[in-house]
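This is what each chain is made of:
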Amino acid sequence: MPRVVPPVADERAALTAYLAHQRRALRATAYGLTDEQARTAASASPLSIGGLIKHAARCEGFWTDLVVQRQHGTRPRTDEAGGDEFQLAPEESLAEALAAYAASAERTDAVIAGIPDLGQAVPVPQGAPWVPAEVEEWSVRWVLLYLIEETARHGGHADVIRESIDGATFDPLLAAAEAWPDPWVRPWKAASPRVG
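Keep in mind it's a predicted model, so treat the numbers as computed, not measured.

(A) How the structure looks around the overall build of the protein chain. Summing up its helical and strand segments, the protein chain has six helices and two strands in all. Written out in order from the N terminus, the α and β elements of the protein chain read α-α-α-α-β-β-α-α. By the burial criterion, 39% of the 196 residues in the protein chain qualify as buried. Long-range contacts, defined as pairs at least 24 residues apart, comprise 67% of the intrachain contacts of the protein chain with a sequence gap of at least 6. Split by element, the accessible area of the protein chain, about 10800 Å² in all, is 56% carbon and sulfur.

Take a look at the structure:
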């Protein structure tokens, strides 16, 4: 795939293409990692690449549930979000987190494709500390913009964490993950184990 979002014809295509691009960037940060590396926190916070992907899947599921006006399943209520939201538990794997993220993205895409008007109202979770008290609804358009913002923010976190793990950066990771034929970017390769 290209390094940038291809030209878009309309608002819906732009929003969904940019969300897909940000998802792709976040997934690329996990390319070639072991489960142990995916649990690595690079700073004083517990953020890890595996945890960020796990959170992105839950976040997208939460907002998609709101779009279809259901609040169950994929994310705890806003007052129950625990410290493990951004970490892979010992029994969780990176492969499982990536699969859950892909399933969440597929569901979001299907729901959005079935909504004729991006201005459709979406009820907000009342009483959440991050929701202005006077706001009762947002639009599907707003939700898509929020998901793009949230995914991009956490993709940036993941970029920094990945660089601290093995020095890998976005373009070489994406080139390796997608087997780019482009001679301008040398695909990332795992470092050879040290001998002796």
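(B) How the structure looks around the packing of helix 1 (residues 11-28) against helix 5 (residues 140-166). The geometry of helix 1 relative to helix 5 is characterised by a closest axis approach of 8 Å and an angle of 20° between their N-to-C directions. As the angle between them shows, helix 1 and helix 5 are arranged roughly parallel. Like other packed secondary-structure pairs, helix 1 and helix 5 cross with a definite hand, here left-handed. Here Glu11, Leu15, Tyr18, Leu19, Gln22, Arg23, Leu26 and Ala28 of helix 1 come into contact with helix 5, specifically with Arg141, Leu144, Leu145, Leu147, Ile148, Thr151, Ala152, His154, Gly155, Ala158 and Arg162.

(C) Local environment of helix 6 (residues 170-177). Regarding helix 6, the residues found buried are Phe170, Leu173, Leu174, Ala175 and Ala176. Each element contacted by the buried residues of helix 6 is listed here: helix 1 and helix 5. Ala179 occupies a position one or two residues after helix 6 and carries a positive phi of about 50°.

(D) Just the side chain of Arg162, in detail. With respect to the secondary-structure elements, Arg162 resides in helix 5. Taking relative accessible area as the criterion, Arg162 reaches 1% and is therefore assigned buried. Separated by 3.0 Å, the side chains of Arg162 and Asp166 make a polar contact. Excluding its chain neighbours within four sequence positions, the residues that come into contact with Arg162 are Ala28, Thr29, Ala30, Tyr31, Leu33, Ile49, Gly167, Ala168, Leu173 and Trp188.

(E) Summary view of helix 1. With 18 residues, helix 1 ought to run about 26 Å at 1.5 Å a step, and its terminal C-alpha atoms sit 26 Å apart, in line with that. All of the buried residues along helix 1 are Leu15, Leu19, His21, Gln22, Arg23, Arg24, Ala25, Leu26 and Ala28. Buried residues belonging to helix 1 abut helix 3 (49-67), helix 4 (94-113), helix 5 and helix 6. In this structure Asp10 caps helix 1, since a side-chain oxygen of it lies 3.3 Å from the backbone nitrogen of Arg12.

(F) Examining the environment of Leu98 more closely. Along the chain, Leu98 falls in helix 4. Overall, the relative accessible area of 25% leaves Leu98 in the partly exposed class. Sequence separation between Leu98 and Ala56 is 42 residues, and the spatial gap between their C-alpha atoms is 9.9 Å. Setting aside residues no more than four positions away along its own chain, Leu98 makes contact with Arg27 and Ile53.

(G) Layout of empty space enclosed by the protein. Throughout the structure, instances matching the rule amount to one cavity of 30 Å³ or more. Of the volumes computed, that of the largest cavity is approximately 40 Å³. Lining the largest cavity we find Ala56, Cys59, Glu60, Leu147, Glu150, Thr151 and His154.

(H) Layout of the packing of aromatic side chains. All chains considered together, the criterion is met by seven aromatic pairs. Ring geometry for Trp63 and Trp138: centres 5.8 Å apart, planes at 45°, overall tilted. Placement of the pair is Trp63 in helix 3 and Trp138 in strand 2 (residues 137-139), with a sequence separation of 75 residues. Neither Trp63 nor Trp138 differs from the other in exposure class; each is buried. With 5.4 Å between their ring centres and 5° between their planes, Trp142 and Tyr146 make a pair best called stacked. Taken together, the residues Trp142 and Tyr146, both in helix 5 and four residues apart, mark about one turn of the helix. Exposure remark for Trp142: the relative accessible area of 29% places this residue in the partly exposed category. In this structure an aromatic cluster arises from ring pairing among Phe62, Trp63, Trp138, Trp142 and Tyr146. Note that Arg162 overlies the ring of Trp188, its terminal NZ or CZ placed 4.9 Å from the centroid.

How each quantity is defined
Residues numbered from 1 in each chain as written. Predicted model: local features only at pLDDT ≥ 70, side-chain atom pairs only at ≥ 80, totals over all residues. Heavy atoms only, no water. Helix = DSSP H or I, 4+ residues; strand = E, 2+ residues; numbered from the N terminus. Buried < 20%, exposed > 50% of the residue type's maximum accessible area, 1.4 Å probe, protein only. Contact = heavy atoms within 4.5 Å. Areas by Shrake-Rupley, 256 points an atom, 1.4 Å probe, with all protein chains shown as cover. Axes fitted to C-alpha atoms, helices over the stretch in contact; angles between N-to-C directions. Parallel < 35°, antiparallel > 145°, perpendicular 65-115°, else oblique. Left-handed = near helix turned anticlockwise from the far one by under 90°. Polar contact = N/O pair within 3.5 Å; in protein donor to acceptor, adjacent residues only side chain to side chain. Expected span 1.5 Å × (residues − 1). 1 Å grid on protein atoms, 1.4 Å probe; cavity = no way out; pocket = protein on both sides within 12 Å on 5 of 7 lines; lining within 4 Å. Points joined across faces, edges and corners; volume = space filled by probe spheres on them. Phe/Tyr/Trp six-rings, centres within 6.5 Å; stacked < 30°, edge-to-face > 60°. Lys NZ or Arg CZ within 6 Å of the ring centre and 35° of its normal.

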